[in-house]
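These are the residues of each chain, in order.
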Amino acid sequence: MNRFTLTIAAAATALGMAGQAFAGEQYIDGTGYAASGHDVVAYFSLAQNPVGQSQPAAIPGKADITAEHNGATFAFSTEANRDAFLADPVKYAPQYDGHCAYGVSKGGKVPGNPNLWRIVDDKLYLNITKNVVGFWEEDIPGNLDLAENNWPSIEPAPGSDSVIPQYTSAAPIK
């Protein structure tokens, strides 16, 4: 290898390590799983309701079909969904490490409820409460712009350790 190739390789390694060092933590609730043990790939096959209407319930994952990503365990309802996730975890993992999209737009990390979801531009977003969903849906593009601008500065902070209000998860299925 010549000096230029070694320099590029060292820079790429340093950038990769720096990205890992500054990556934020995935939101994990009492289940011990990302997305409260629900199958994040399954959202992409659910019929999405129009803005202002509740979405279908999240699909529970199975405790024996899992994958690791971003320091968290994700559970899946099928091996095919797990394999799809492993092939492209960034595509399927909830945005903002599973934290509430509206919360991030306001500058903070609060839990994301897996039953309060929406896919926008082929990305999965979660919110914390039905009231918050209403605020978020008043201006999804504007709130996403705010969230995207806020995320770089709040991503390195620890994941939320709060509980999702009025929510318990029976997932993943044992």
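Further up the page is the structure itself.
Cut-off values and rules
Residues numbered from 1 in each chain as written. Predicted model: local features only at pLDDT ≥ 70, side-chain atom pairs only at ≥ 80, totals over all residues. Heavy atoms only, no water. Buried < 20%, exposed > 50% of the residue type's maximum accessible area, 1.4 Å probe, protein only. Helix = DSSP H or I, 4+ residues; strand = E, 2+ residues; numbered from the N terminus. Pairing = 2+ DSSP bridges. Polar contact = N/O pair within 3.5 Å; in protein donor to acceptor, adjacent residues only side chain to side chain. Contact = heavy atoms within 4.5 Å.

1. Focus: the pairing of strand S2 (residues 72–76)
- In terms of burial, S2 is a largely internal element, 5 of the 5 residues being buried.
- Pairing between strand S1 (residues 62–69) and S2: 5 bridges, direction antiparallel. Residue pairing across strands places Ala 67 opposite Phe 74, the latter belonging to S2.
- What sits between S1 and S2 in their antiparallel hairpin is a turn of 2 residues, with Asn 70 showing a positive phi close to 55°.

2. Some points on unusual backbone geometry
- The linkage connecting Ala 171 with the following residue, Pro 172, adopts the cis geometry, with an omega of -10°.
- Structurally, Pro 172 is set in the segment after helix H6 (140–154).
- Unusually for a residue other than glycine, Ser 36 sits at a positive phi of about 55°.
- Checked against the element boundaries, Ser 36 lands in the loop between helix H1 (3–22) and S1.
- We classify Ser 36 as buried; its relative accessible area is 2%.

3. A short note on the pairing of strand S4 (residues 123–127)
- Judged by how many residues are buried, S4 sits mostly within the fold: 4 of 5 residues are covered.
- The turn linking strand S3 (residues 113–120) back onto S4 is made up of 2 residues, and Asp 121 within it adopts a positive phi angle of 50°.

4. A look at the side chain of Gln 55
- Secondary-structure assignment places Gln 55 in the loop between H1 and S1.
- At 2.7 Å, the side chain of Gln 55 forms a polar contact with the backbone nitrogen of Asn 49.
- Excluding residues within four positions of it along the chain, Gln 55 makes contact with Ala 47, Gln 48, Asn 49, Trp 117 and Arg 118.

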